[in-house]
Amino acid sequence: MSEHEARAGERDELDDYDYVPGGRRRKGRGLKGCVAVLVALVVLVGGFYVALTQGVSWVADQFQGPEDYPGPGTGSVEFTVNEGDTTAQIGRNLKAEGVTASVQAFIDAAAEEPDAAGIQVGAYELQKEMRAADALEVLVDPDNLIGFPTVTIPEGLRVTEIVETLGANTEYPEAAWNRALQQPDKLGLPDYAEGNAEGYLFPATYEIKPGMKPVAILKMMVNRWREAAEAANLEERAAELGRTPAELMIIASLVEAEGRGEDMYKISRAIYNRLENPDNGITNGLLQIDASVNYGLNQDLGVGLTSEQLQQDTPYNTYTRPGLPPTPIEAPGELAIDAAANPAEGPWLFWVTVDLETGETKFTDSYDEFLEFDAELCENAPETC
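Let me begin by describing the structure that accompanies this report. On a predicted model such as this, the values are computed, not experimentally measured, just so you know.

The rules behind these values
- Residues numbered from 1 in each chain as written.
- Predicted model: local features only at pLDDT ≥ 70, side-chain atom pairs only at ≥ 80, totals over all residues.
- Heavy atoms only, no water.
- Helix = DSSP H or I, 4+ residues; strand = E, 2+ residues; numbered from the N terminus.
- Buried < 20%, exposed > 50% of the residue type's maximum accessible area, 1.4 Å probe, protein only.
- Contact = heavy atoms within 4.5 Å.
- Areas by Shrake-Rupley, 256 points an atom, 1.4 Å probe, with all protein chains shown as cover.
- Arc of directions from axis to C-beta.
- 1 Å grid on protein atoms, 1.4 Å probe; cavity = no way out; pocket = protein on both sides within 12 Å on 5 of 7 lines; lining within 4 Å.
- Points joined across faces, edges and corners; volume = space filled by probe spheres on them.
- Nonpolar A, V, L, I, M, F, W, Y, C, P; charged D, E, K, R; others polar.
- Salt bridge = Lys/Arg side-chain N within 4 Å of Asp/Glu carboxyl O.
- Phe/Tyr/Trp six-rings, centres within 6.5 Å; stacked < 30°, edge-to-face > 60°.
- Disulfide = S-S within 2.5 Å.
- Core = buried A, V, L, I, M, F, W, Y, C linked by side-chain atoms within 4.5 Å.
- Pairing = 2+ DSSP bridges.

Re the overall build of the protein
Here is step 1 of the chain: Tallying secondary structure elements over the protein gives 15 helices and eight strands in all.
Here is step 2 of the chain: For the protein, the proportion of its 385 residues judged to be buried stands at 38%.
Here is step 3 of the chain: Considering only residue pairs separated by 6 or more positions, the protein has 62% of its internal contacts joining residues 24 or more positions apart.
Here is step 4 of the chain: Split by element, the accessible area of the protein, about 21,700 Å² in all, is 50% carbon and sulfur.

Shown next, in the form of structure tokens:
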């Protein structure tokens, strides 16, 4: 081989290498290198396509908005807005109940509705698969509130009777209410009640909201009593009358048992007159209230008493024991509490309801006149004598 041919072969071999920085040579890729480049291009193009399609989808979502039902909806759903629910929480609850298709659809609808901030706690009738805006339209209108179940506690009930009423008109049995009463520190009772709820479960109509437990409901009743006590200035008036607030509540319960309407203020005064003049030679500090005697005998407060029962000594027998019984005997209403705190002015010691149908009650400080009133009652209602 000639020198020229040898050099030509060397150049052909060197052509298979590329220069790299530093002057060093690297063997060329040849066909394999071309394939690798093509694969890389395919991957790059594929990635660009995926990104492009995802971007298009995202843009479409922005224009289409969150998932929402076309409406108008089917069936019926009783939906409850709870105390403290935010717009987002209402949206989550609506979706969970199958009312709306997504939480965001409801949030977006609420953002465009100024009244959405005023949605009231309560129950509403909605439908399955509603448009979010349609569901919101129902919720922002207070006229659409269904209302919560209610229970009414009349004036003059003892705790045992209140428990019976609550057990019969709520989902909780009497045992649950009795257990709640054994936790007086959670009920908000005043210290002077000494843990006894008798007289402090205010008679009124109460809404029982979803999820409310017996302790919370009884506490609501005690809070309502506190409102009535504050309205009557119970504690201030007790100090002015030389009594304790607990004693005024006992007097209020006796007034509730004995009177009605404006007569309660006169009965309250007659009770104070008996208490404040124990040596008057007529009543001698004895209140002589049948309802209190019945309470001590665990009988209905309106039951007529026999001579034997009137002599049966209990802490609540106001015929044998002077002064007030140890606790209230029933739940007084607002008027009775106010009467106990603000008795009328007068000398009365006796009162007789001479007409049970009309409630006509006569007052006197004379025992003889009292006997006349009593005879009038017997004439009008012989069964009471």
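What follows continues from the structure just given.
Some words on the side chain of Ser253
Here is step 1 of the chain: Note on placement: Ser253 falls in helix 10 (residues 245-258).
Here is step 2 of the chain: The contact partners of Ser253, leaving out residues within four places of it in the chain, are Pro328, Ile329, Glu330 and Pro332.

Here we look at helix 3 (residues 87-96)
Here is step 1 of the chain: The set of residues buried in helix 3 consists of Ile90, Gly91 and Leu94. Viewed along the axis of helix 3, the buried residues span an arc of 100 degrees, placing them on a single side of the element.
Here is step 2 of the chain: In this fold, the buried residues of helix 3 make contact with strand 3 (74-81), helix 4 (103-111), strand 4 (122-128) and helix 5 (132-139).
Here is step 3 of the chain: Immediately beyond the C-terminal end of helix 3, within one or two residues, lies Gly98, with a positive phi of roughly 80 degrees.

Let's talk about the layout of surface pockets
Rolled over the atoms, a probe with the dimensions of a water molecule shows which regions are left empty.
Here is step 1 of the chain: Put simply, the largest pocket is a space of about 1,300 Å³.
Here is step 2 of the chain: Lining the largest pocket we find 39 residues, and of these Glu258, Asp290, Tyr319, Trp351 and Leu377 sit closest to its centre.
Here is step 3 of the chain: For the lining of the largest pocket, the elements supplying multiple residues, two or more each, are helix 10, helix 11 (263-276), helix 12 (290-296), helix 13 (307-311), strand 7 (350-355) and helix 15 (367-380).
Here is step 4 of the chain: Residue classes in the lining of the largest pocket are distributed as 19 nonpolar, eleven polar and nine charged.

What about the pattern of salt bridges?
Where charged atoms from two side chains of opposite charge come close, those side chains can pair.
Here is step 1 of the chain: As enumerated under the stated definition, the model contains nine salt bridges in all.
Here is step 2 of the chain: Across the pair Arg243 and Glu247 runs a salt bridge, and its minimum N-O distance is 3.7 Å.
Here is step 3 of the chain: By relative accessible area, Arg243 is classed as partly exposed at 22%.
Here is step 4 of the chain: Residue Glu247 is classed as partly exposed on the basis of its relative accessible area of 24%.
Here is step 5 of the chain: Across the pair Arg269 and Glu345 runs a salt bridge whose closest N-O atoms are separated by 3.6 Å. In this pair, Arg269 sits in helix 11 while Glu345 sits in the loop between helix 14 (334-341) and strand 7, placing the two residues 76 residues apart along the sequence.
Here is step 6 of the chain: Looking at Glu345, the relative accessible area reads 66%, which means it is exposed.
Here is step 7 of the chain: One continuous salt-bridge network, built from bridges that share partners, spans Arg224, Glu227 and Glu334.

Some details on the packing of aromatic side chains
Here is step 1 of the chain: Applying the stated rule across the entire model yields eight aromatic pairs.
Here is step 2 of the chain: Seen from their ring centres, Tyr192 and Tyr200 are 6.3 Å apart, and the 55 degrees between their planes marks the pair as tilted.
Here is step 3 of the chain: Taken together, a centroid distance of 5.8 Å and an interplanar angle of 55 degrees make the contact between Trp348 and Phe363 tilted. In this pair, Trp348 sits in the loop between helix 14 and strand 7 while Phe363 sits in strand 8 (residues 360-364), placing the two residues 15 residues apart along the sequence.
Here is step 4 of the chain: Accessibility expressed as a relative area gives 13% for Phe363, which makes it buried.
Here is step 5 of the chain: Taken together through their ring pairs, the aromatic side chains of Tyr192, Tyr200 and Trp225 make up a single cluster.

Things to note about the state of the cysteines
A disulfide bridge is the covalent bond that connects two cysteines by way of their sulfur atoms.
Here is step 1 of the chain: A full pass over the atoms with the stated rule returns one disulfide.
Here is step 2 of the chain: Between the sulfur of Cys378 and that of Cys385 lies a disulfide, 1.7 Å long from S to S. One quick way to see it: the torsion about the S-S bond of Cys378 and Cys385 is about -100 degrees, and its sign makes the bridge left-handed.
Here is step 3 of the chain: The class for Cys378 is partly exposed, based on a relative accessible area of 24%.
Here is step 4 of the chain: Judged by relative accessible area, which is 56%, Cys385 ranks as exposed.

Description of unusual backbone geometry
Here is step 1 of the chain: With an omega dihedral of 0 degrees, the bond running from Gly71 to Pro72 counts as a cis peptide bond.
Here is step 2 of the chain: Inspection of the secondary structure assignment puts Pro72 in the loop between helix 2 (30-64) and strand 3.
Here is step 3 of the chain: Of note in this structure, Asn233 is not a glycine but carries a positive phi near 55 degrees.
Here is step 4 of the chain: Located in the positive-phi region is Asn298, a residue other than glycine, with phi close to 60 degrees.
Here is step 5 of the chain: Counting through the fold element by element, Asn298 comes out in the loop between helix 12 and helix 13.

A few points about the nonpolar core
Here is step 1 of the chain: One finds Leu201, Leu218, Trp225, Ile271 and Ile337 to be the most contacted residues of the largest nonpolar core, which totals 65 residues.
Here is step 2 of the chain: Elements with a contribution of two residues or more to this core: helix 6 (159-169), helix 7 (174-181), helix 8 (214-231), helix 9 (234-241), helix 10, helix 11, helix 12 and helix 14.
Here is step 3 of the chain: Top element by residues in this core is helix 10. It accounts for eight residues.
Here is step 4 of the chain: Once residues within four sequence positions are removed from consideration, Ile337 is found in contact with Phe202, Trp225, Ala228, Ala229, Ala232, Leu234, Met249, Ala252 and Pro332.

Considering the pairing of strand 7
Here is step 1 of the chain: Most of strand 7 is tucked away, with five of its six residues classed as buried.
Here is step 2 of the chain: As defined by bridge partners, strand 7 adjoins strand 8 across five bridges and the pair is classed as antiparallel. Its bridge partner being in strand 8, Trp351 is matched across the sheet by Phe363.
Here is step 3 of the chain: The turn joining strand 7 and strand 8, which pair antiparallel and follow one another in sequence, is formed by four residues; a positive phi near 80 degrees is taken by Gly359.

Describing the side chain of Thr364
Here is step 1 of the chain: Note that Thr364 resides in strand 8.
Here is step 2 of the chain: On the accessibility criterion, Thr364 (3% relative accessible area) is buried.
Here is step 3 of the chain: Apart from residues lying up to four places away in sequence, Thr364 is in contact with Trp348, Leu349, Phe350, Glu369, Phe370 and Phe373.

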